[in-house]
Amino acid sequence: MTCLIRAVGRPEVAPLAMSDRFRHEISYFMSLPDGAGVPSLPPGEYWIHPDDVRRWLDEGVFFLVSPLDSENKTEIELSEEHELFLEWLQRFGVERVVVNSP
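I will try to describe carefully the structure that is included in this document. (Residues numbered from 1 in each chain as written. Predicted model: local features only at pLDDT ≥ 70, side-chain atom pairs only at ≥ 80, totals over all residues. Heavy atoms only, no water.)

**Quick notes on the nonpolar core**
Judged by nonpolar contacts, the single largest core of 22 residues is most densely connected at Ile5, Phe29, Ile48, Phe85, Trp88, Leu89 and Val97. Broken down by secondary-structure element, the contributors of at least two residues to this core are β1 (2–7), β2 (16–19), α2 (50–59), α3 (80–92) and β6 (96–100). Ranked by the residues each element gives to this core, the list is headed by α3, at four residues. The contact partners of Ile5, leaving out residues within four places of it in the chain, are Pro15, Leu16, Met18, Phe22, Ile26, Phe85, Trp88, Val97, Val98 and Val99. (Core = buried A, V, L, I, M, F, W, Y, C linked by side-chain atoms within 4.5 Å. Buried < 20%, exposed > 50% of the residue type's maximum accessible area, 1.4 Å probe, protein only. Helix = DSSP H or I, 4+ residues; strand = E, 2+ residues; numbered from the N terminus. Contact = heavy atoms within 4.5 Å.)

**Observations concerning the sheet that holds β1**
The strand order across the open sheet built from four strands is β2-β1-β6-β3, with neighbouring strands paired in antiparallel fashion. Both edges of this open sheet fall to β2 and β3 (45–47), since each of them pairs with a single strand only. Along the sheet, successive strands turn relative to each other by an average axial angle of 35 degrees, direction set aside. Across four bridges, β1 lies against β2 in antiparallel orientation. If you follow Thr2 over to β2, its bridge partner there is Ser19. In the packing of α3 onto the sheet, the strands contacted are β1, β2 and β6, and the crossing angle to β2 comes to about 160 degrees. (Pairing = 2+ DSSP bridges. Axes fitted to C-alpha atoms, helices over the stretch in contact; angles between N-to-C directions.)

**Digging into α2**
Turning to α2, its buried residues are Asp52, Val53 and Trp56. When α2 is viewed along its axis, its buried side chains cluster within an angular range of 105 degrees and face the same direction. Buried-residue contacts for α2 involve β4 (61–65) and α3. (Arc of directions from axis to C-beta.)

**Focus: the layout of surface pockets**
Computed from the structure, the largest pocket encloses a volume of approximately 520 Å³. As for the largest pocket, its lining consists of 21 residues, of which Tyr28, Met30, Leu32, Trp56 and Phe63 are closest to the centre. Every element with two or more residues in the lining of the largest pocket is listed here: α2 and β4. Looking at the lining of the largest pocket, the element that brings in the most residues is β4, giving five residues. Residues belonging to the lining of the largest pocket are distributed by class as follows: 13 nonpolar, four polar and four charged. (1 Å grid on protein atoms, 1.4 Å probe; cavity = no way out; pocket = protein on both sides within 12 Å on 5 of 7 lines; lining within 4 Å. Points joined across faces, edges and corners; volume = space filled by probe spheres on them. Nonpolar A, V, L, I, M, F, W, Y, C, P; charged D, E, K, R; others polar.)

**Overview of the pairing of β6**
Side chains of β6 alternate between two faces, with Val97 and Val99 buried and Arg96, Val98 and Asn100 left unburied. Across four bridges, the pairing between β1 and β6 is antiparallel. Each residue of the ladder has a partner; that of Leu4, found in β6, is Asn100. Sheet topology places β3 next to β6; three bridges connect them, and they run antiparallel. Residue pairing for β6: Glu45 is matched across the bridge by Val98.

**Side note on the side chain of Glu25**
With respect to the element layout, Glu25 can be found in helix α1 (residues 22–25). We classify Glu25 as buried; its relative accessible area is 11%. A distance of 3.0 Å separates polar atoms of two side chains, one belonging to Glu25 and the other to His82. In this view, Glu25 contacts Glu81 and His82; residues no more than four positions away in its chain are not counted. (Polar contact = N/O pair within 3.5 Å; in protein donor to acceptor, adjacent residues only side chain to side chain.)

If you want it as structure tokens, here you go:
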């Protein structure tokens, strides 16, 4: 099964097909709702800051905070699928996305 990542308000950008597993992993990349400059979003939409996209692609990793220990972060290497998603965001200047079934 796959999911489709769609650019909100950008019908000219073709959706990106991703594995169904990515439906859960997208939350690793979303900007926190209470962060500076993050727009208010309806449920099921995600906003990803372009500076973060650039940094993750440059470094090849992102950091994940453990739900059991918020003091420590784990460095996670980007998978090919993560890179594909981030490159799609960067190529089309997409910041706001929604995940749909095909």
